[in-house]
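What follows is the residue order along each chain.
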Number of protein chains: 2
Amino acid sequence: MDLIAIIGYVAAVATTSSFLPQLIKILRKRRAEDISLLMYLIFVSGITLWLIYGILVHEMPIIAANGVTLVIALAILILKLKYG
Amino acid sequence: MDLIAIIGYVAAVATTSSFLPQLIKILRKRRAEDISLLMYLIFVSGITLWLIYGILVHEMPIIAANGVTLVIALAILILKLKYG
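**Q** I keep staring at the packing of aromatic side chains and nothing clicks. Help me out?
**A** Geometrically, a pair of aromatic rings is defined through the distance of the ring centres and the angle of the planes. If you walk through the whole model with that rule in mind, you get ten aromatic pairs over all chains. Between the aromatic rings of Tyr40(A) and Phe43(A), the centroid separation amounts to 6.4 Å while the plane-to-plane angle is 70 degrees, which identifies the pairing as edge-to-face. Taken together, the positions of Tyr40(A) and Phe43(A), both in helix H3 (residues 37–56) and three residues apart, correspond to about one turn of that helix. By relative accessible area, Tyr40(A) is classed as buried at 1%. In this structure an aromatic cluster arises from ring pairing among Phe19(A), Tyr40(A), Phe43(A), Phe19(B), Tyr40(B) and Phe43(B).

**Q** Mind showing me how you'd approach the relation of the copies chain B and chain A here?
**A** Mapping between the two copies of the chain is achieved by a rotation about an axis and a shift along the axis. For these two chains of identical sequence, chain B goes onto chain A by a turn of 180 degrees and a shift of 0.0 Å along the axis, with RMSD 0.0 Å. Considering both components of the superposition, the chain copies are consistent with a two-fold axis. Looking at the rotation axis and the C-alpha trace of chain B, the residue lying nearest is Asp34(B), at 2.6 Å.

**Q** Please clarify how the side chain of Thr69(B) should be interpreted in this entry.
**A** All names here are of chain B. Turning to its location among the elements, Thr69 is positioned in helix H4 (residues 60–83). A polar atom in the side chain of Thr69 sits 2.6 Å from the backbone oxygen of Ala65. Non-local contacts of Thr69, meaning those with residues more than four positions away in its chain, are made with Thr16, Phe19, Phe43 and Ile47.

**Q** What is the right way to read the interface of chain B and chain A from this model?
**A** How large an interface is tends to be reported as the accessible area lost when its parts come together. Across the boundary between the two partners, chain B contributes 38 residues, which contact 38 residues of chain A. A combined buried area of about 3,400 Å² lies between chain B and chain A, and 71% of that area is made up of carbon and sulfur atoms. Counting across the interface, chain B meets chain A through two salt bridges. If you look at where chain B meets chain A, you find 17 residue pairs in polar contact (both at pLDDT 80 or more). The set of elements that each furnish at least two residues to the side of chain B that touches chain A consists of helix H1 (3–17), helix H2 (19–29), helix H3 (37–56) and H4 of chain B.

The rules behind each value
- Residues numbered from 1 in each chain as written.
- Chains lettered and ligands numbered in written order.
- Predicted model: local features only at pLDDT ≥ 70, side-chain atom pairs only at ≥ 80, totals over all residues.
- Heavy atoms only, no water.
- Phe/Tyr/Trp six-rings, centres within 6.5 Å; stacked < 30°, edge-to-face > 60°.
- Helix = DSSP H or I, 4+ residues; strand = E, 2+ residues; numbered from the N terminus.
- Buried < 20%, exposed > 50% of the residue type's maximum accessible area, 1.4 Å probe, protein only.
- Least-squares fit on C-alpha atoms with pLDDT ≥ 70 in both.
- Polar contact = N/O pair within 3.5 Å; in protein donor to acceptor, adjacent residues only side chain to side chain.
- Contact = heavy atoms within 4.5 Å.
- Buried area = accessible area lost by both parts, 1.4 Å probe.
- Salt bridge = Lys/Arg side-chain N within 4 Å of Asp/Glu carboxyl O.

Interpretation in functional terms is not warranted from these geometric data alone.
Structure below.
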């Protein structure tokens, strides 16, 4: 694996894992008032398109990052709808 | 511009613009209690790496998306530190 791919994977792990502390915070506090519903509606749509783009250009870091991010962002969106 | 590039640009506009409603919400309510500080610390680091990756693989949608996202996410991070 070359340096460019390594940078892509570290970037993927960072941006993907970054949403986990937010998910855990909402689960613990059962609060999501300051979270923007519109942000997560648009974000989930955009991440879905990034996933399709990654598949079409055969870029594994883009596919891996957006696949996992989609699951976590969807969970935050559902919890936002639940806890408002 | 081919279909793959169009999908990439629409994805870029969606994921980038998604952070704007969150930024506007924090500015209006002057509240960021439910926002995870750790999320934005890790996210800003990851977006910086995506920007470097995009430059190295010469993918304009990745460069454009992450350049703008970095500015907005940094603003949210600063407001989180301010309003906590």
